[in-house]
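Structural description and commentary
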Amino acid sequence: MSTTKRIGILTSGGDAPGMNAAIRAVTRAAIYNGIRVKGIYRGYKGLVTGEIEEFTNHHVSNIVQRGGTILKTARCLEFKTPEGRKLAYDRLVEEGIDALVTIGGDGTLTGARIFAQEFNYPIIGLPGTIDNDLYGTDMTIGYDTALNTIMECVDKIRDTATSHERLFFIEVMGRDAGFLALNGAIASGAEAAIIPETSLEKDQLAEMIENGFRKSKNSSIVLVAESDVTGGAMGVAERVKKEYPQFDVRVSILGHLQRGGSPTAQDRILATRMGIAAIEALLDDQRNVMIGIKNDQITYVPFSQAIKKDKPINHELLNTLRVSSI
Ligand code: ADP
């Protein structure tokens with residue numbers, strides 16, 4: 001049986017819709033199980049500087065529907081140094097916090113892994129990122145909301161693309177992962193997606209043009225994942241201007257609006273399940289794992305696996321887009 005008496009909770013790195021639902025669930029599950037909660041503001045930065053507040057049930061009421069994170073988020077370079085992490089550790093001891101729940105992406109979990117090892121300190125991670133690029137979970141918190149936002153934006157861009165008979169390259173987030181671009185393309189009826197996972201295998205742009213896309217259509221929309229590998233929407237559009245000057249090309253970069261908005265039902269439920277699972281994991285003496293949900297079952301994913309950066313794209317989805325966009 002776990003001896004955890006007080007946990008700290010923080011959100012770190014890129015914000016994602018549903019982080020608040022996760023904070024709420026973690027806090028309530030802790031209180032339900034007799035564990036006290038301290039909210040740590042601005043991610044690892046607040047741990048180093050001591051921006052920490054005792055959380056009650058009241059702190060997390062009326063937030064399940066809110067985008068962003070009430071705990072704020074920040075990037076903290078100091079935490080990347082042994083000295084910075086020692087300060088963070090001293091602060092945890094001083095505050096009487098004997099376990100941490102960290103919500104964030106790849107960087108946040110990397111920091112958690114290093115810290116947990118260095119100080120033999122229990123941490124449970126929750127996957128909070130719109131990119132869906134963490135291994136061991138079917139979905140990350142925020143991904144579904146971002147996908148829905150992309151779909152709504154592309155629907156709007158299609159109206160103007162159709163009227164002017166233009167070829168639009170729309171850049172979406174995802175860091176080095178193509179989940180948002182590929183599933184965004186399927187959901188919005190785009191003609192193609194250019195994603196990093198297949199960029200090295202083949203020339204996706206040439207393939208699209210050769211397949212005669214736009215022949216029977218009066219406009220085309222292609223989603224491009226932001227990435228050095230794809231060159232982003234600007235890079236692809238430049239190439240088209242040079243190699244295929246017959247097309248009337250436009251670029252739209254969706255940017256930070258993909259991070260905002262009220263979380264979808266899917267993200268709220270995912271965050272709530274994962275938040276409660278984080279406390280159950282601690283009670284079960286689990287440590288240094290990320291909570292995932294695979295095939296609708298809660299899983300514990302060791303940090304080292306979650307961040308290994310090779311979450312595969314389901315190749316069936318590539319075919320789905322190809323067939324549905326002829
Ligand atoms: P995300 O969690 O969204 O991937 P970042 O990559 O910015 O966002 O990481 C968030 C924070 O996690 C960083 O600002 C830093 O404090 C911490 N972090 C990231 N990588 C490391 C690392 N290698 N060592 C220690 N801390 C790290």
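One structure accompanies this document, and this report is about it. Quick caveat: nothing in here was measured; it's all calculated off a predicted structure.

The rules behind each value
Residues numbered from 1 in each chain as written. Predicted model: local features only at pLDDT ≥ 70, side-chain atom pairs only at ≥ 80, totals over all residues. Heavy atoms only, no water. Helix = DSSP H or I, 4+ residues; strand = E, 2+ residues; numbered from the N terminus. Areas by Shrake-Rupley, 256 points an atom, 1.4 Å probe, with all protein chains shown as cover. Pairing = 2+ DSSP bridges. Axes fitted to C-alpha atoms, helices over the stretch in contact; angles between N-to-C directions. Contact = heavy atoms within 4.5 Å. Buried < 20%, exposed > 50% of the residue type's maximum accessible area, 1.4 Å probe, protein only. Right-handed = clockwise from strand over helix to strand, strands pointing away. Left-handed = near helix turned anticlockwise from the far one by under 90°. Nonpolar A, V, L, I, M, F, W, Y, C, P; charged D, E, K, R; others polar.

Describing the overall build of the protein
From N to C terminus, the protein includes twelve helices and eleven strands. Projecting the C-alpha coordinates of the protein onto the three principal axes gives extents of approximately 65 × 35 × 30 Å. Accessible area for the protein stands at about 14300 Å²; split by element, carbon and sulfur atoms hold 50% of it.

Quick word on the sheet that holds strand β5 (residues 123-127)
Hydrogen bonding along the main chain pairs the strands of a sheet, whether they run parallel or antiparallel. Pairing within the open sheet is mixed, and its seven strands lie in the order β3-β2-β1-β4-β5-β10-β11. Unpaired on one side and paired on the other, β3 (52-55) and β11 (297-302) mark the two borders of the sheet. For this sheet, the mean inter-axis angle between neighbouring strands, taken without regard to orientation, is 30 degrees. In this structure, strand β1 (residues 6-11) lies alongside strand β4 (residues 99-104), joined through five bridges in parallel fashion. Of the residues in β4, the one forming a bridge with T11 is I103. In the packing of helix α10 (residues 265-283) onto the sheet, the strands contacted are β1, β4, β5, β10 (289-294) and β11, and the crossing angle to β10 comes to about 135 degrees.

Digging into the pairing of β5
Extensive coverage of β5 is indicated by the burial of five of its five residues. Of the pairings in the sheet, the one linking β4 to β5 comprises five bridges and is parallel in character. In the sheet register, V101 faces β5, and the bridge partner there is I124. In this fold, the crossover linking β4 to β5 by way of helix α4 (residues 106-119) has right-handed handedness.

As for unusual backbone geometry
Phi at R42 is positive, roughly 60 degrees, even though this residue is not glycine. You can see R42 is positioned in the loop between β2 (36-40) and α2 (43-49). Its relative accessible area of 30% is what places R42 among the partly exposed residues. Even without being glycine, E165 reaches a positive phi, approximately 55 degrees. Tracing the backbone through its elements, the reader meets E165 in the loop between α5 (143-164) and β6 (167-172).

Comments concerning the packing of helix α1 (residues 19-32) against α10
The interhelical angle for the contact between α1 and α10, taken along N-to-C directions, is 35 degrees, at an axis separation of 7 Å. Crossing of α1 against α10: the hand is right-handed. In contact with A21, A22, R24, A25, V26, A29 and A30 of α1, α10 contributes R268, A271, T272, G275, I276 and I279. Split by residue class, the contact of α1 with α10 holds nine nonpolar, two polar and two charged.

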